[in-house]
Amino acid sequence: MDLQQMGDAAQQASYVLAQASTQTKNAALIAMAGALEQNAAAILAANEKDLAIARGNGIGDAMLDRLMLNSARLTAIADDVRNVVRLPDPVGAELESRVLENGMRLSRRRVPLGVVGVIYEARPNVTIDIAALCLKTGNASILRGGRETFHTNQELVKLIRQALAACDLPESCVQYIGEPGREWVSGLLKLDQYVDMIIPRGGPGLHQLCKEQSTIPVIIGGFGIGHMFVDESADLVRAVEVIDNAKTQRPSVCNTIDTLLVHERVAADLLPALSVRMAEKNVTLVAAPPALALLQNGPATVRAAEDGDFDTEWLSLTLGVKLVSDVDAALAHLRAHNAAHSDAILTNSLVNAERFINGAPSAAVYVNASTRFTDGAQFGLGAEVAVSTQKLHARGPMGLEELTSYKWVGQADYLIRE
C-alpha cells in the first residue's frame, strides 16, 4: 500500500465524480444498499470475527456496542443509503444570483470538496455513511477505520467498490487504509497535495492528533459533554421520561447526556423519582452535594462526584447529577465543562428557554426534547459523516450540503473590464 498512489488515485476519481450525473451516483447508491442486504451473512460473519477479537482483548461494553452489527442494524444502514438517494443532489445548486451593473450575471454554485479523508474508530456503519454521502456529493474518500473493525470494514469496502464498478464509476472513489499502524494516520494527515479535508470521528486523543499533525483542514466533531437542565418550571413527571431516553436509549453514543443539572427548588421532588427510574435501568448516579444527600436513600446506585467527573464523556450507564440555582448557573456549568455537542433544557418558561438557546455553546440545543435526536437521519439529512462541534464551515450533523463548497460563476457577452 502506497499512500501517495492512493491519494493520486482518489484525486483522479474525484475529477470523474465531479462530472457524474445525479442518476449515475444514485444508481451506485442503490447498488450499494442492495449489496449490503444480499451479502448480510458475509458481513455479519466478518463482524463476529471482530467482536470475538475485541472480547478477547477486554474491550468494554460501550465499544462493543459501537462495533456490533446485527440484521436489524444492517437493514437500517441499507435504508439510510436509500434515504440518501431520495435526497436532492446539492452539487450544481445555485446559492444566489444577481446581474451586475456591467451586465455580468454572477452566481455562487455548489461544488464537491474533492477528496475527503475520514479517520474513525469502532463503528462500521460509519464506513457506509461516509461512502454514501461522499458519493452523492461527488467526493472521493479515503477511509481509515480502527483496528477493532478490520474484518467488517474489509468486507464492506469490497462491496462498495463492486457497486461502484457495476455503475461504471472508478473503484478508487472509495479507498480504505487497512494497515493498523499509527504511522498510516500520520501519513494521511500529510497528503495535502491530494486530500481536501480531514474528518476525525473518535475520542479527544484522535482529534488532538489531527489538529497537531494535519497539513489539511480538519473538521473537529463528535466529542462533548452532554447536559440536560431541568428548570424549576418543568413538568417533572414528563421530565423523567426525557432524561431516561437521553441517558439510556443508547448510552454508548455521543448524543447521550453525561450530566443532569437540576434547579435546586425542584430537586427534592425530582430526584427521588429519578432514582427509581435510574435503578430500573441500572444507571449509576455520580452526584455532587447537595444532590448526593437527596439521592443516597433512593434505590439507584450512587457515589460522590470526584474531580474530573463532570468533564467525563461516560459513554455508559453513568450519569452525573448536580444542583444549580437558575438557568444562568446551568449555562455557566456548560461553558466550564466542555458543552459542544448536544444539550437540552426542560422548561415551561419561554424566557428561560430562549436564554438557554442563546447562551448554550453547543452545536445542537433542545427545548423539552431528548438530545438523542442529534443525528443526520433524524434531522432529515439522510446519514451523516460526522457531528461537527466546531464553528467554521459546518456545525452539527454533517449531511450533504456540509460536504460541498462553492465556486463563483460569472457569465457575460464577451465582457472586458474597463
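All figures in this text were calculated on a predicted structure; none of them were measured in a lab. (Residues numbered from 1 in each chain as written. Predicted model: local features only at pLDDT ≥ 70, side-chain atom pairs only at ≥ 80, totals over all residues. Heavy atoms only, no water.)

1. Here we look at the state of the cysteines
Argument step 1. In total, this model carries 0 disulfides according to the counting rule given.
Argument step 2. Just so you know, Cys173 is unpaired, no disulfide at all, and the nearest cysteine sulfur is the one on Cys134, 10 Å from it.
Argument step 3. Cys254 carries a free sulfur, and the closest cysteine sulfur to it, the one in Cys210, is 16 Å from it.
Argument step 4. A residue is classified by how much of its surface remains accessible, and Cys254, at 15% relative accessible area, is buried. (Disulfide = S-S within 2.5 Å. Buried < 20%, exposed > 50% of the residue type's maximum accessible area, 1.4 Å probe, protein only.)

2. What to know about the pairing of strand S9 (residues 284-287)
Argument step 1. Alignment of S9 against strand S11 (residues 318-324), held across 4 bridges, turns out to be parallel. The residue bridging Val286 from the neighbouring strand is Gly320, located in S11.
Argument step 2. Pairing of S9 with strand S10 (residues 302-304), which is carried by 3 bridges, proceeds in the parallel orientation. Its bridge partner being in S10, Leu285 is matched across the sheet by Val302. (Pairing = 2+ DSSP bridges. Helix = DSSP H or I, 4+ residues; strand = E, 2+ residues; numbered from the N terminus.)

3. Section: the side chain of Lys136
Argument step 1. Structurally, the position occupied by Lys136 is in helix H6 (residues 125-136).
Argument step 2. Put simply, Lys136 is tucked away with no salt bridge, and the nearest opposite charge, on Asp89, sits 5.8 Å away.
Argument step 3. The residues contacting Lys136, other than those within four sequence positions of it, are Thr22, Lys25, Asn26, Leu29, Val84, Val85, Leu87, Pro88, Asp89, Val91 and Leu400. (Lys, Arg positive; Asp, Glu negative; His and termini not counted. Salt bridge = Lys/Arg side-chain N within 4 Å of Asp/Glu carboxyl O. Contact = heavy atoms within 4.5 Å.)

4. Re the environment of Glu313
Argument step 1. For Glu313, the position within the fold is in the loop between S10 and S11.
Argument step 2. Judged by its relative accessible area of 16%, Glu313 falls in the buried class.

5. A look at the nonpolar core
Argument step 1. Formed by 73 residues in total, the largest nonpolar core has its most connected members in Met32, Val195, Ile198, Ile199, Val385 and Leu403.
Argument step 2. Per element, the largest residue contribution to this core is 8 residues, and it comes from H6.
Argument step 3. What Leu403 contacts, discounting residues up to four positions off in sequence, is Pro112, Leu113, Val116, Leu133, Cys134, Thr137, Asn139, Ile199, Val385 and Met398.
Argument step 4. Listed in part, the 31 residues of the second largest apolar core include Ala234, Leu236, Met278 and Ala344. (Core = buried A, V, L, I, M, F, W, Y, C linked by side-chain atoms within 4.5 Å.)

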